[in-house]
Amino acid sequence: MTEKAVTEPSDAAFIHARTGKLETLRKRPDFLAAARAKRAPAGSFMLQARNRNDGTDAVRVGFTCSKKVGNAVARNRAKRRLREIARMILPTQARPGWDYVLIGWRDATANRPFDALQDDLEQALRRIHSGGRNSAPDGGAKVSRAPRTRGRGA
């Protein structure tokens with residue numbers, strides 16, 4: 001049994017990215033930083049992404065589902081599906097040095113066909129990395145709404 005040695009500490013992140021092993025976001029500040037960055041709604045989840053600009057090439061990914069998605073079983077099922085599409089697609093299409101957060105949506109994440117989930121992630125990544133200022137699918141057009149009111153009535 002031979003073991004591959006890393007020659008320099010800086011090579012570790014490159015080898016991580018090259019082998020397709022994704023690092024997982026676990027700390028709240030990392031999730032909050034991604035929430036302030038680019039976002040692209042997909043058909044069945046939301047993708048948030050940010051360039052860390054910290055000099056490392058590792059791709060990091062996080063997964064979350066709020067209690068609105070359902071009970072623990074439903075949330076875990078949605079996150080399992082998101083983890084699997086990330087494992088399949090991000091090693092080839094993610095950019096080195098970026099953080100990605102996939103946020104599951106109620107019913108849509110768990111019930112959408114798996115190939116459609118994969119297409120959603122690929123399209124969301126294209127929107128995020130297209131270079132545009134806003135990564136919303138409508139190009140950032142402002143949607144007109146009725147003014148919000150406070151209280152019960154008028």
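Residues numbered from 1 in each chain as written. Predicted model: local features only at pLDDT ≥ 70, side-chain atom pairs only at ≥ 80, totals over all residues. Heavy atoms only, no water.

Novice: Is there a simple way to explain the nonpolar core in this structure?
Specialist: Most often, soluble globular proteins keep nonpolar side chains buried together rather than apart. The biggest cluster of nonpolar side chains holds 23 residues, and the ones touching the most others in it are F45, L47, V61, L90, Y100, L102 and L121. Mapped by element, the contributors of at least two residues to this core are β3 (45-51), β4 (60-64), α3 (72-93), β5 (98-104) and α5 (114-128). In this view, F45 contacts A40, L82, I85, L102, I103, G104, W105, T109, L117, D120 and L121; residues no more than four positions away in its chain are not counted. (Core = buried A, V, L, I, M, F, W, Y, C linked by side-chain atoms within 4.5 Å. Buried < 20%, exposed > 50% of the residue type's maximum accessible area, 1.4 Å probe, protein only. Helix = DSSP H or I, 4+ residues; strand = E, 2+ residues; numbered from the N terminus. Contact = heavy atoms within 4.5 Å.)

Novice: What is the right way to look at helix α2 (residues 28-35) in this model?
Specialist: Residues D30, A33 and A34 constitute the buried set of α2. All buried residues of α2 lie within an arc of 100° about the axis, which places them on one face of the element. Opposite the buried face of α2, by more than 90 degrees, sit the exposed residues R28 and P29. On its buried face, α2 sits against β2 (38-41), β3, β4 and β5. (Arc of directions from axis to C-beta.)

Novice: Looking at this structure, how should I read the side chain of D120?
Specialist: Tracing the backbone shows D120 in helix α5. Each residue touching D120, except ones within four places of it in the same chain, is listed here: A42, G43, S44, F45 and R112.

Novice: Please explain the pairing of β5 as it appears in this structure.
Specialist: Each regular strand carries side chains that alternate between the two faces of the sheet. The buried count for β5 comes to six of seven residues, which makes it a mostly enclosed element. With seven bridges joining them, β3 and β5 adopt antiparallel strand pairing. Across the sheet, M46 pairs through a bridge with I103, a residue of β5. Judged from the five bridges that link them, β4 and β5 form a sheet pairing that is parallel. Bridge pairing in β5 links F63 to L102. Read as a crossover between parallel neighbours, the route from β4 over α3 to β5 is left-handed. (Pairing = 2+ DSSP bridges. Right-handed = clockwise from strand over helix to strand, strands pointing away.)

Novice: For this particular structure, what's the right way to read the packing of aromatic side chains?
Specialist: In the structure shown here, the tally under the stated rule is one aromatic pair. Relative to Y100, the ring of W98 has its centre 6.2 Å away and its plane inclined at 20°; by these criteria the two rings are stacked. Taken as a pair, W98 and Y100 share a single burial class, namely buried. (Phe/Tyr/Trp six-rings, centres within 6.5 Å; stacked < 30°, edge-to-face > 60°.)

Novice: Explanation requested: the pattern of salt bridges in the structure shown.
Specialist: Taken as a whole, this structure holds seven salt bridges when the rule is applied. With a closest N to O distance of 2.6 Å, D99 and R52 form a salt bridge. You can see D99 sitting in strand β5 and its partner R52 sitting in the loop between β3 and β4, a full 47 residues away along the chain. For the pair formed by D99 and R52, the shared burial category is buried. The salt bridge involving E84 is made with R87; its shortest N-O contact spans 2.5 Å. Residue E84 and its partner R87 are located together in helix α3, separated by three residues, close to a single helical turn. Counted as one network, the salt bridges with shared partners bring together D30, R50, R52, D54, R60 and D99. (Salt bridge = Lys/Arg side-chain N within 4 Å of Asp/Glu carboxyl O.)

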